Every structure is written in C-alpha cells, then in structure tokens.
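Here's the letter readout for the chains.
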Amino acid sequence: MKAVTIGVTIPGQVTLTLSRLLFGCWKMISQVFILSSKGDHLIYKDFRGEAGKDAVNKFYEMVTALTGDQPPVVMKHKELHFVHIRQGGLYWVATTKADASPFTIIEFLNRLTALVKDYCGCLSEKSVQMNFALIYELLDEVVDFGYIQTTSTDILKNFIQTEAVSSKPFSLFDLSNVGLFGADTQQNKVAPSAAATRPIVSSQGEQGGKNEIFVDVIERMSVVIGANGVLMKADIEGEIRVKCYMPSCSEMRIGLNEEFSIGKSQLSGYGAAVRVDECSFHQAVRLDEFDTYRILKVCPSQGEQTVMQYQLCDDLPTAPPFRLFPSIERDSGGRLLMYLKLRCDLPPKSAAINVSITIPVPKGSLRLSQELSSPDQSAELQPKNKAVHWEIPRFPGGAQLSALFKLEVSGLSSASLQEVGPVSLSFELPKYTCTGLQIRFLRLSPIQPGPSQRWVRYVTHSDSYTIRI
C-alpha cells in the first residue's frame, strides 16, 4: 500500500508528513469510538477484531477513576493502548496493539474531529447522534482494516453520499450568540456564531450553499498574578483559523498588521505594533509577500484549517484583563468574611462574558450568605469542591464589581484563613485580542462569480487565569 501523505504542522515552522510517522507501523488502529461525557456509546467501529467491545467500558472506567481534570492522553490495559482527545465535550478514542507513535494517533484523531465538524457542522453529542450514519460512512472511507486512507475533505467529497442533519437551522436573525462575525468591509454588518457551524456540504437550496469564508482569530491566555498584584507569568497562544464554504477559490490573501514582528526584530512604521515570540504556518500557506507586506496567501479547500499559529510569552502589550482586590478576615461571630473587588481593565468599548470566578475555601464550610453588587450576578457554595463559585454573565471594560461572602466554617481558626485561594477565573473576550493582531483585509482571486461574503471574528479565551491572595 502506498503511503498516504497528510501534512502535520508543528510549532517552530517544522512541517512533517504523516506517512513518515506511520512508516513501519501501518497496522495500528484497532478501534475508534466516541463517548459522551457520561460514558454513553455514540459511535463504535472495530477495524481489526483484536479487542472486544468491552474495551469501551474499560476505557471509561479508567478515565473516570483518575483524579484531576486532565487525564493522561495515552493509557494502557494489558496489551491494548488507549489514545484519546476531548473535543466538543466528547471522548474521541482510538485503540491499538501495535507499537505506534502516540503523536501519530493524536494527529489522526484531531483530523477526524475536523472532518466530522466539516461534514456535520459542529461537534456535540446531539450532532453526533443525529449524524451517526454519516460518521460511520466517514470512518469506512478514512480507515480500512486499520490502515489510514485519507483525511482530506476534498477527496472524501467524491465518496460521501449521506447528507448531514443540522441540529439547529441557521438563521441570520438569530443574534443570541455573543461571538458575532463582522463583515470584512462593513463591521456593523454581523452574522451569528451559528453561521460557521453548518455543514460544508448540503442539499441544494439550503443555507449551506452560500459562498462564504469565515476567519477566526482566536487567542488563549494563561496568566498568574501574585498576591502583591505583580504579573508573574503571561502566555498567549493564538491561531488564525479559516472555514471555507466556497466550492472553488484559487487564492485568498490575508493581510495582517503592517507592524507585525516575530521575535526580537525591530519595529518600524506608523501602525500599531504587534509582536509575537514564535510563529508557524500551515504547509499550504505561501509566504513570498509575508516578510515585506505581512500578507499570507493560501488556496483554501472547503472545510476548516488553521493557517497560522503564534505564541507570546511574559510580555503582554496591555494590562491583564482582570485585577482582584481581596480582603479576608474573621468576624466577631466566628464567620469567615471574604470581600472581593474585581476590576475589568479592558477598554471601555469591550466587555468580558461568561466570567466565572472560583475561590477555594477551608474544609468544613457549611453555609454561605452573600451580598453582590449587581442583580445579574450569582454565587453558590460547592462543598464537594471546597469552593465558592461566583458567576458574572457580562463584565464591561473599565467597570468594577464586588462581592461580600460570609461563610460559616466548622472549627474556623487562623490557619483556616491560609486555605483561601488562589482564585481562578475563566472568561471570554469577544471582539478582542490581547496581542492586538488584526486582519487588515481578505481578498479572493479570481473574483468569485455571484454574491460572496467574508466574515472575521476575534475572541480571547482564558486557558488558565490565576490570582494569588
């Protein structure tokens, strides 16, 4: 069998092919299955008959028996190796008895999830349940008796006959999602997040037939702030992701900030400066105009692909988005008092959404009373996790919110005060990037016949945001 070439882009501008990684270990995939977060069997495919179906239950027993939120990606039971990833709240698992590279199988699972997302529109338990016939057809074409055939969306379009079932019909009038796309040339024209979660292939007359390109600039930040308010660590990992619904597009040119530098190179010019430490590109991206004009040129195929990844460490161009001012003390009634003031240091026109604050508290915490600065906030004591959970749906830039928590703690002592913290935050920042990276323009050549639309969205997620108190 001929080697199938599948590009793998690794940070540091290193590009490999999966055929090299698979050389000498072709007989590697025994089973592929998809489980819900509760262990429900959604998809099960046995390619080689080397392991029974009880392997599915064994995997779930192993993964749920482990402590912590991040179980190991690779686990072993007797002679069977389990390799899994989590996407869309689901477990995507491959088993093998061969001495295969785990990185190869992880890459295969990531590409499988991308395929399912392209064909089904989104990754969710409901979407997988409604499109199980389509996913089985994809698995039949992608893997044959444990041998990987292809993960190319363009190639598979010629063989896949089952049409996707959309879990929710798309409507431009549904603007309930906060992660809106803005038009490339007219930012007051918007489309909801659901616009980019429809299948790339759909029947005639449905919304999926529109000629559109969606570009996401996504950043994930990891921050540690000391008890004195000093920034101790700040890492940003970002990517530019393209999802194309055009049947044919010979070339797309993506213009980035003119003042964009990689590493410690000097910036010159009049535009807003953007610097990253490392940058890597998809193997299909042409960079002949990047050094001079900061333009990426790519021929996008239908579906989703990450055209660029970048990283910035310990040198944020702006202040961290949140600052916490805590006061922890014991009152005369023997209760633990926690007064927290949280300030959002985003620009006034920006806002954080889905802000969730977790405050670890001493063991033996029995009852919580609270005073919150606005009625849309909520808080609850979670005794099992020994934490107070504080929720803020929307937090405008420049605003300051506060909360007073009064905890009844069994056997409260001075040592118990040391058990409070550190505080962790999770949030989303729509229409905002911490690095300042922006898309100057999106241009298609040749010009597409008929109406076409280009959409751009910016969003920053908290990967890990910790404040010590």
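Refer to the structure above for everything that follows.
Residues numbered from 1 in each chain as written. Predicted model: local features only at pLDDT ≥ 70, side-chain atom pairs only at ≥ 80, totals over all residues. Heavy atoms only, no water.

### Remarks on the sheet that holds strand E4 (residues 41-46)
Here is step 1 of the chain: Pairing is antiparallel in the open sheet, where five strands are placed in the order E4-E3-E7-E6-E5. Because the sheet does not close on itself, it has two edges, and the strands there are E4 and strand E5 (74-77). Strand after strand, the sheet turns through a mean of 20° between neighbouring axes, direction not considered.
Here is step 2 of the chain: Bridging between strand E3 (residues 31-35) and E4 involves five bridges; their strand directions are antiparallel. Bridge pairing in E4 places Gln-31 opposite Asp-46.
Here is step 3 of the chain: This element, helix H5 (residues 132-142), spans E3 and E4 of the sheet and lies at about 25° to E4. (Pairing = 2+ DSSP bridges. Helix = DSSP H or I, 4+ residues; strand = E, 2+ residues; numbered from the N terminus. Axes fitted to C-alpha atoms, helices over the stretch in contact; angles between N-to-C directions. Contact = heavy atoms within 4.5 Å.)

### Regarding unusual backbone geometry
Here is step 1 of the chain: Following Gly-421, the chain continues to Pro-422 via a peptide bond in cis, the omega torsion being -5°.
Here is step 2 of the chain: Mapped onto the elements of the fold, Pro-422 is located in the loop between strand E26 (400-409) and strand E27 (423-430).
Here is step 3 of the chain: With phi around 60°, Lys-78 is a residue other than glycine that occupies positive phi space.
Here is step 4 of the chain: Inspection of the secondary structure assignment puts Lys-78 in the loop between E5 and strand E6 (80-87).
Here is step 5 of the chain: A relative accessible area of 68% places Lys-78 in the exposed class.
Here is step 6 of the chain: One non-glycine residue, Lys-431, lies in positive phi territory at about 60°.
Here is step 7 of the chain: Counting through the fold element by element, Lys-431 comes out in the loop between E27 and strand E28 (439-445). (Buried < 20%, exposed > 50% of the residue type's maximum accessible area, 1.4 Å probe, protein only.)

### Points about the nonpolar core
Here is step 1 of the chain: Counting 42 residues, the largest nonpolar core has Phe-322, Ile-359, Trp-390 and Phe-405 as its most contacted members.
Here is step 2 of the chain: Dropping the residues within four chain positions of it, Phe-405 is found in contact with Leu-336, Leu-337, Met-338, Leu-340, Ile-359, Leu-368, Ser-369, Gln-370, Leu-372, Ala-379, Val-388 and Trp-390.
Here is step 3 of the chain: Membership of the second largest hydrophobic core comes to 32 residues, among which are Ile-34, Ile-85, Trp-92 and Leu-115. (Core = buried A, V, L, I, M, F, W, Y, C linked by side-chain atoms within 4.5 Å.)

### Points about the sheet that holds E28
Here is step 1 of the chain: The three strands lie next to each other as E18-E14-E28, forming an open sheet whose pairing is antiparallel. The open sheet has two free edges, formed respectively by strand E18 (295-298) and E28, since each of these has just one partner strand. Taken over all neighbouring pairs, the strand axes of this sheet differ in orientation by 15° on average, direction set aside.
Here is step 2 of the chain: Two elements, strand E14 (residues 251-256) and E18, share four bridges in a ladder whose sense is antiparallel. Within the sheet, the bridge partner assigned to Arg-253 lies in E18 and is Lys-297.

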